[in-house]
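Residue strings, one per chain:
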Amino acid sequence: MRGMLAADPGTTETDFDALAATVLARCDALAQCTDEPGRITRTFLSPAMESCYRLVQEWMRDAGLTVGFDRAGNIRGHYGAVSEAAPRLVIGSHLDSVPNAGRYDGVLGVMLGIALVEALGGRRLGFGVEVIGFSDEEGVRYGLPFIGSRAATGTLLAPHLARKDAAGVAMYAALDAFGATHADVADPMLDPRARAYLEFHIEQGPVLEHTGLPLGVVETIAGQSRAKVTFCGRSGHAGTTPMFLRRDALAAAAEWLTTVESAASRMPGLVATTGRIACEPDAANVIPGLVRCSLDVRHADDAIRRGAVEDFLRTAEAIGDRREIEVEHVVEYEQAAVGLDRSLIALADKAVSDVGVSPRHMTSGAGHDAMIIAAHIPSVMIFLRSPGGISHHPEEAVYVEDVAAALRAGMGFLNRFEAHIGQFSESERKSCTT
Ligand code: GLV
Ligand code: MN
Ligand code: MN
């Protein structure tokens, strides 16, 4: 692919179309890197992730990036600027997946970053570009999302490293096995010259499709809470125990789930999900004695989300009291909603408008690496339309023409970013002298 494109900003439409096809072919190739043959599942530092990295490394090198891995196993490609001291723009997303995933969630953002550098055709900018493929965003292996971006920003801490996966392998041991040095993983690893973060991602929802737009600009990423709720009743014989004498933990959990579903449906913008449920002893002829449920709650307004979680947990207790079921709960994770950077949103708006798309600002219900990075450097996201709004599912898709539009908008973003840094430095200079 290298050298296929003209080196000037006037790269032709046809070139971007061809590059978009390459981006999709690369997503297809990465879909073959899976821990579970027959479906896409790629978790933090798994053997499938290692084969994924081999391909990404090759494409990064072909695009003119210098490739390395950091202490958390993130793959990082550097494209130097006209000068060593020049600022850096980071373009990234994640390379891990949920179980039985689609092929674009995360992966597409990394492939677009590489393709944009490729499209520069060796042209040096007044800023460097770093493309990062984060080692984990979904949190499947360690039940902790954003391992890669947390580590990049110095917020992956000792208790996180001590977490064990389902096979009992601690995170630090997985890092050792990968060859990454975890000892100082808590030091921030973002380049001190990094001035901004740009993430392309499929929307994973139906809004852009509904409005007929190929691209959207993300304004806010909804906050999320995750909790574990345990219902402890009494198991017993399914044939001999009369209904009125039962303490059925699964029936209590089912009542709670449907109550949560109706309550969340009444609150605009609120989503609540139980995606994981384990029942013991898990036999057809035994009354369920113990049920463990996950709870995931999201809203763009943190107060509404926290209030809803409290409400849902109180409801579980009330159902338990009525049914003589003990209920325990623990909120394991809370991530506040994140507003993305206003000046980068304006820049993304221009880049999107330049390619004939009217900029639409969106709230992301899904979590993204940008959520973590935004606390450290100004960040922005550009969404690509998701056909059918489908994601976290093998039928996840994207239109090749939308990928071409994202590439053209991305190139416009790069071309405008230099002036943007100039304005930024000017305002910094002014604020230092006033
Ligand atoms: C990440 O995909 C999430 O929002 O759960
Ligand atoms: Mn995802
Ligand atoms: Mn994602």
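Below you will find a few notes about this structure.

Conventions adopted
- Residues numbered from 1 in each chain as written.
- Chains lettered and ligands numbered in written order.
- Predicted model: local features only at pLDDT ≥ 70, side-chain atom pairs only at ≥ 80, totals over all residues.
- Heavy atoms only, no water.
- Donors = N, O, S within 2.8 Å, 3.2 Å for Na, K, Ca; no water.
- Helix = DSSP H or I, 4+ residues; strand = E, 2+ residues; numbered from the N terminus.
- Buried < 20%, exposed > 50% of the residue type's maximum accessible area, 1.4 Å probe, protein only.
- Pairing = 2+ DSSP bridges.
- Contact = heavy atoms within 4.5 Å.
- Near = heavy atom within 4 Å.
- Polar contact = N/O pair within 3.5 Å; in protein donor to acceptor, adjacent residues only side chain to side chain.
- Areas by Shrake-Rupley, 256 points an atom, 1.4 Å probe, with all protein chains shown as cover.

1. Observations regarding the coordination of the manganese ion (ligand 3)
For the manganese ion (ligand 3), every protein donor is listed as His 94 (NE2), Asp 105 (OD) and His 201 (NE2), and the spread of their distances is 2.0 to 2.2 Å. Each donor residue of the manganese ion (ligand 3) lies on the same chain, and together they follow the pattern H-x10-D-x95-H. A separation of 3.5 Å is found between the manganese ion (ligand 3) and the manganese ion (ligand 2), which share Asp 105 as a coordinating residue. Taken together, the residues span a long stretch of sequence, with Asp 105 in the loop between strand S3 (88-94) and helix H3 (107-120) and His 201 in strand S5 (residues 194-202) at a distance of 96 residues. Since its relative accessible area comes to 7%, Asp 105 is described here as buried. Of the residues examined, His 201 reaches a relative accessible area of 1% and is grouped as buried.

2. A look at the coordination of the manganese ion (ligand 2)
Here the manganese ion (ligand 2) is held by Asp 105 (OD), Glu 138 (OE), Glu 138 (OE) and His 392 (NE2), and the distances to it run 2.0 to 2.8 Å. One chain supplies every donor for the manganese ion (ligand 2), spaced along it as D-x32-E-x253-H. Given a relative accessible area of 12%, Glu 138 falls into the buried group.

3. Regarding unusual backbone geometry
Looking along the chain, the bond that leaves Glu 280 and enters Pro 281 is cis, with omega of 5°. Inspection of the secondary structure puts Pro 281 in the loop between strand S10 (277-280) and strand S11 (286-287). Of note in this structure, Asn 100 is not a glycine but carries a positive phi near 55°. In this fold, Asn 100 is placed in the loop between S3 and H3.

4. Comments concerning the pairing of strand S6 (residues 215-221)
Most of S6 is tucked away: five of the seven residues are buried. Where S6 meets strand S15 (residues 361-364), four bridges bridge the pair, whose relative direction is parallel. By the bridge assignment for S15, Val 218 is matched with Met 362. With two bridges joining them, S6 and strand S14 (residues 338-339) adopt antiparallel strand pairing. Directly across from Thr 220, in S14, lies its bridge partner Gly 339.

5. Quick notes on the environment of Leu 340
With respect to the helices, strands and loops of the structure, Leu 340 is situated in the loop between S14 and helix H10 (342-354). You can call Leu 340 buried: its relative accessible area is 5%. Separated by 31 residues in the primary sequence, Leu 340 and Met 371 have C-alpha atoms spaced 8.3 Å apart. Contacts of Leu 340, omitting those with residues within four sequence positions, involve Val 218, Glu 219, Ile 221, Ile 345, Ala 374, Ser 379, Val 380 and Met 381.

6. Some points on the site of ligand 1
Taken together, Glu 137, Glu 138, Arg 226, Arg 298, Ala 366, Gly 367 and His 392 form the complete shell of residues around ligand 1. In this structure, an oxygen atom belonging to ligand 1 sits 2.6 Å away from a side-chain N or O atom of Arg 298. In the model, an oxygen atom of ligand 1 is placed 3.1 Å from a nitrogen or oxygen of the His 392 side chain. Burial of ligand 1 by the surrounding chains reaches 90%, relative to a free accessible area of 190 Å².

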